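Take a look at the letters that make up each chain.
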Amino acid sequence: MEGISTTKRDYTAHEVLPRKIKLREMYVKSDKIMDLTSTYKQDYNAYPICQVPPCLPYVTRHIPIAKMDTRTTYEDDYVLWNEPRTEMIKPNNTFCPSEEAFDHRTIAQDDYVYRGPVTTQSCKPMKMDQKSKDPFENMSSYRANYVPHLLEKPYVHKYEEYKANETPFDGLTTHKASYKGLAGQPAKLAKPLQLKFPHDLPFSSTTEFQEKYQAWPRLPVFRKKPAVYLPPLEKMDLHTTTQINYKPLNGKPAKICRTFGKINKNTEPFNSSSVMKEDYKPWLCKRQEPIVHAVELTFSSEPMDCLTTFQTHYVPHPLTVTKSYKPAWSRPKHHTLLDAKTIYATSYTPKDIVKCLGSYKDPPGYVFEGTDADGHKLYLPASKSECPQGEN
């Protein structure tokens, strides 16, 4: 195999021209004063304002000269009746409050007099239990009949003592012991070396925006100083308007004049019979027996063979082996080992890193021609036949 790839054979290298560098222009502050005028103010001509007469058509209306009669048909047709005024049927019951002093008493207080508690006869039966004078025996049936049983000792699991293995650890696993790599040398790394450039190259970190558009000077923000707090020298009066202006009334609270209701206690013995118990007697009903149908299935006494219709009627057939028509692999078999090399590793040629022409103040191989209307600098190569005119 030749050491030339399709990329090297078909690719034609082009000439790389150096990059042109922009020269920074110094910012010059203008001395002119902004007039704050716009094209609208300059080109717009104001017209005098005048009132426009309305464009409505003139309508001729006939206005009668005769005097208008303002009387209505209701005034002409309605005639008042000469009838006397009826008197009010509402009786003149004007309320006249008494001039005597109000004693704050009610009808219940005057008519219902409290007569005191009523003595009733108690129907509670007397306790006929006689207390025994014998001393209390602190014995129960549980204490007399309880037989204590001996408890068995609980099972305690004993852990085996750990013994370290005396054989040294070889650090091998089944993978390391059983796996063996392919014979041959490992592939070498063909990646080219990358040179590190220092960061102190003559690269301009400023842009056209930073040069032409400078920040306007800002006035310092006015901040009002907080007033110094001076505590008052006088003592604080902790009285409120309610405490000063409110005066308690010299009155007494009203007394409760509610009468106690009379409780009528029945002294007769309690009758546990009711209308429900006397009229609705329980019926003498018998419990119905469940209806059990006769067994229609007859079960055989022989044991079940656990066979299904599929197992009894299924006939096994021999497997049919189909012939494979897949074509055989026609690739020649090589018994040589893989050399672990690629076309990239054998035919790659590293190239030198070219420095960018934009980092030069004056790019080599170019002549400065001038500046266009947009402020871009134009450079021409030293020999015009090598490269057309470029614009940066």
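Since the structure is predicted, the reported quantities are computational estimates derived from the model, not experimental observations.

Visitor: Sorry, what's going on with the overall build of the chain here?
Guide: Looking only at helices and strands, the chain features 11 helices and three strands. In the chain, the succession of α and β elements from N to C terminus is α-α-α-α-α-α-α-α-α-α-α-β-β-β. Evaluated residue by residue, the chain yields a buried proportion of 4% over its 392 residues. In the chain, the share of contacts with a sequence separation of at least 24, taken over all contacts with a separation of at least 6, comes to 64%. Carbon and sulfur atoms make up 59% of the accessible area of the chain, which amounts to about 46,200 Å² in all.

Visitor: Looking at this model, I keep getting lost on the pairing of strand β1 (residues 366-371). Mind explaining?
Guide: On any regular strand, side chains alternate: one points to one face of the sheet, the next to the other face. Judged from the five bridges that link them, β1 and strand β2 (residues 377-381) form a sheet pairing that is antiparallel. Paired with Phe368 across the strands is Tyr379, a residue of β2. From the end of β1 to the start of β2, which pair antiparallel, there are five residues, and Gly375 there has a positive phi angle of about 95 degrees.

Visitor: Would you mind going over the confidence of the model for the chain with me for this structure?
Guide: For residues with low pLDDT, the predicted coordinates do not support detailed interpretation. Looking at the chain, pLDDT values average 77 and 87% of them are 70 or higher. The element-level mean pLDDT for the chain is lowest in strand β3 (residues 390-391), coming to 42, with helix α5 (residues 141-145) highest at 86. Every residue in residues 385-392 scores below 50 in pLDDT, and together they form 19 contacts with partners more than four places removed in sequence or on other chains.

Visitor: What's the story with a nonpolar patch on the surface in this structure? I'm lost.
Guide: A surface patch of nonpolar side chains, amounting to about 390 Å² of accessible area, comprises Tyr74, Tyr78 and Leu80. Among the structural elements, Leu80 can be located in the loop between α3 (73-77) and α4 (107-111).

Visitor: Can you walk me through the packing of aromatic side chains in this structure?
Guide: Given two aromatic rings, their pairing is described by the distance between the two centres and the angle made by the two planes. Taken as a whole and assessed by the stated rule, the structure comprises two aromatic pairs. Measuring from centroid to centroid gives 5.2 Å for Tyr142 and Tyr146, while their planes differ by 25 degrees, and the two rings are stacked. Residue classification places Tyr142 among the exposed residues on the basis of a relative accessible area of 57%. Consider the rings of Phe310 and Tyr314, whose centres lie 5.0 Å apart with planes at 20 degrees: the pair is stacked. Judged by its relative accessible area of 58%, Phe310 is exposed. A relative accessible area of 48% means that Tyr314 is categorised as partly exposed.

Visitor: What is the right way to look at the pairing of β2 in this model?
Guide: The element β2 is largely enclosed, with a buried count of five among its five residues. The two faces of β2 match: Lys377, Tyr379 and Pro381 on one face and Leu378 and Leu380 on the other face are all buried.

What counts and how
Residues numbered from 1 in each chain as written. Predicted model: local features only at pLDDT ≥ 70, side-chain atom pairs only at ≥ 80, totals over all residues. Heavy atoms only, no water. Helix = DSSP H or I, 4+ residues; strand = E, 2+ residues; numbered from the N terminus. Buried < 20%, exposed > 50% of the residue type's maximum accessible area, 1.4 Å probe, protein only. Contact = heavy atoms within 4.5 Å. Areas by Shrake-Rupley, 256 points an atom, 1.4 Å probe, with all protein chains shown as cover. Pairing = 2+ DSSP bridges. pLDDT = per-residue confidence, 0-100. Patch = residues over 30% accessible without salt bridge, like charges linked within 9 Å, V, L, I, M, F, W, Y side chains within 5 Å. Salt bridge = Lys/Arg side-chain N within 4 Å of Asp/Glu carboxyl O. Phe/Tyr/Trp six-rings, centres within 6.5 Å; stacked < 30°, edge-to-face > 60°.

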